[in-house]
Amino acid sequence: MAEVNIQSILRDNIRNLKPYSSARDEFQGEGVVLLDANESPFNHPLNRYPDPHQRALKSALSIPLGIPADSIFLGNGSDEAIDLLIRAFCEPSVNNIVSISPSYGMYEVCANINNVEFRKVLLNDDFSLNVNALLKATDANSRLIFLCSPNNPTANLLAAEEILYLVNAFKGLVIVDEAYIDFSGTPGLLSGITKHNNLVILRTFSKSRALAGIRLGMALANPEIISILDRIKYPYNLNQLSLNAAQDQLVQPDVHQDWIHTILKEREVLRSRLTSIPEVIKVFPSDANFLLVKVKNPLELYNYLKMNGVIVRDRSNSPLCGGCLRISVGSPEENLLLIRTIKSFK
Ligand SMILES: *Cc1c(COP(=O)(O)O)cnc(C)c1O
């Protein structure tokens, strides 16, 4: 069980912040005549500001997630949560962040925007965590460790026991980005947030829930951390249309499960077809909805696919990913077209 003094690692200005109080903070409930927010009386219901605390969606989410609503932060994509965690806990040019390489680029970009040092520790050759090197990279000024499991772009789950070892050993927050966890066949580390007050899980509606367009991400952690993020977010960070779209989807859990099933089936079809193509050197194991594929001529193949209207991601310049393209699992038709096009290469 990890117990970190959260207040002691918080930036002073954030600890002392008096948050903006919106009209909808000062009055909640069903007023008959709402004249407190300078809204328009026309164009119901979008004339009204959305609930700044997103109570309805959080309460709907708390059931499938199996955690209380006050352990849920909702953001404009996971990207908002990443940025707010850095702004809450990292004093620019004083504190630092430790993360893995290769991984999702937004952690480093957000650190750079906030002028916070970002230390990258290479994964092992098999893409597993180098726990000792990660701990060695931390010092008294380290506030956050960013991990990503399943990791983008390497597609593998990180070992839960190694992540929890870091959670127990590190005196700051360990943030585990589980954007792809629904494709992994494992529940992830969410249940650990009640035992470890320095563990933060990131989830998103952008991948298995097929709602990247609404920009909805989650940070899941103990209520003390969640209330800090809530204090510093834009008051109305989620718009009403996104909240509605998320609510609508939550009432169709079977559709969500069907989509995951289809993607997992297609992932295996894609893997076996790719493996039989001579241009392909290796398809790495995947716990996500994409495949990391090592090919003989990455740049030429990337450009050839692009010329033929099939866009994949060139990851050949990422550490440990020499020669690799990252390919999302699409619909059966899209995957077939991808395979046909790769087969016609050269
Ligand atoms: C796609 C992805 C996300 C999703 O970010 P959103 O801002 O929620 O769309 C988060 N983390 C990783 C590692 C991803 O690949």
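The notes below deal with the structure included here. Remember, predicted model here, so these are calculated numbers, not experimental data. (Residues numbered from 1 in each chain as written. Predicted model: local features only at pLDDT ≥ 70, side-chain atom pairs only at ≥ 80, totals over all residues. Heavy atoms only, no water.)

Brief notes about the pattern of salt bridges
Thought 1: Scanning the model with the defined rule gives 13 salt bridges in all.
Thought 2: One salt bridge in this structure joins R11 and E91, with 3.1 Å as the shortest N-O distance. Placement of R11 in the loop between α1 (6-9) and α2 (12-15) and of E91 in the loop between α5 (78-89) and β2 (96-101) is noted, with a sequence separation of 80 residues between them.
Thought 3: Its relative accessible area of 30% is what places E91 among the partly exposed residues.
Thought 4: The salt bridge involving R267 is made with E268; its shortest N-O contact spans 3.3 Å.
Thought 5: Among the charged side chains, a network of salt bridges with common partners joins E117, R119 and D139. (Salt bridge = Lys/Arg side-chain N within 4 Å of Asp/Glu carboxyl O. Helix = DSSP H or I, 4+ residues; strand = E, 2+ residues; numbered from the N terminus. Buried < 20%, exposed > 50% of the residue type's maximum accessible area, 1.4 Å probe, protein only.)

Brief notes about the packing of helix α11 (residues 253-275) against helix α13 (residues 332-343)
Thought 1: Direction vectors running N to C along α11 and α13 enclose 10°, while the axes themselves pass 11 Å from each other. As judged from the angle between their axes, α11 and α13 are roughly parallel. Where α11 abuts α13, its residues E266, L270, R273 and L274 lie against P332, N335, L336, L338, I339 and I342.
Thought 2: Of the residues that constitute the contact of α11 with α13, the class distribution is seven nonpolar, one polar and two charged. (Axes fitted to C-alpha atoms, helices over the stretch in contact; angles between N-to-C directions. Parallel < 35°, antiparallel > 145°, perpendicular 65-115°, else oblique. Contact = heavy atoms within 4.5 Å. Nonpolar A, V, L, I, M, F, W, Y, C, P; charged D, E, K, R; others polar.)

A closer look at the site of the ligand
Thought 1: The environment of the ligand is formed by 14 residues, the closest being D177, Y180, T204, S206 and K207.
Thought 2: Here an oxygen atom of the ligand sits 2.6 Å away from a polar atom, N or O, in the side chain of Y180.
Thought 3: A distance of 3.3 Å separates an oxygen atom of the ligand from a polar atom in the side chain of K207.
Thought 4: Relative to its unbound accessible surface of 390 Å², the ligand loses 93% to contact with the protein.
Thought 5: Here the shell around the ligand is composed, by residue class, of five nonpolar, five polar and four charged. (Near = heavy atom within 4 Å. Polar contact = N/O pair within 3.5 Å; in protein donor to acceptor, adjacent residues only side chain to side chain. Areas by Shrake-Rupley, 256 points an atom, 1.4 Å probe, with all protein chains shown as cover.)

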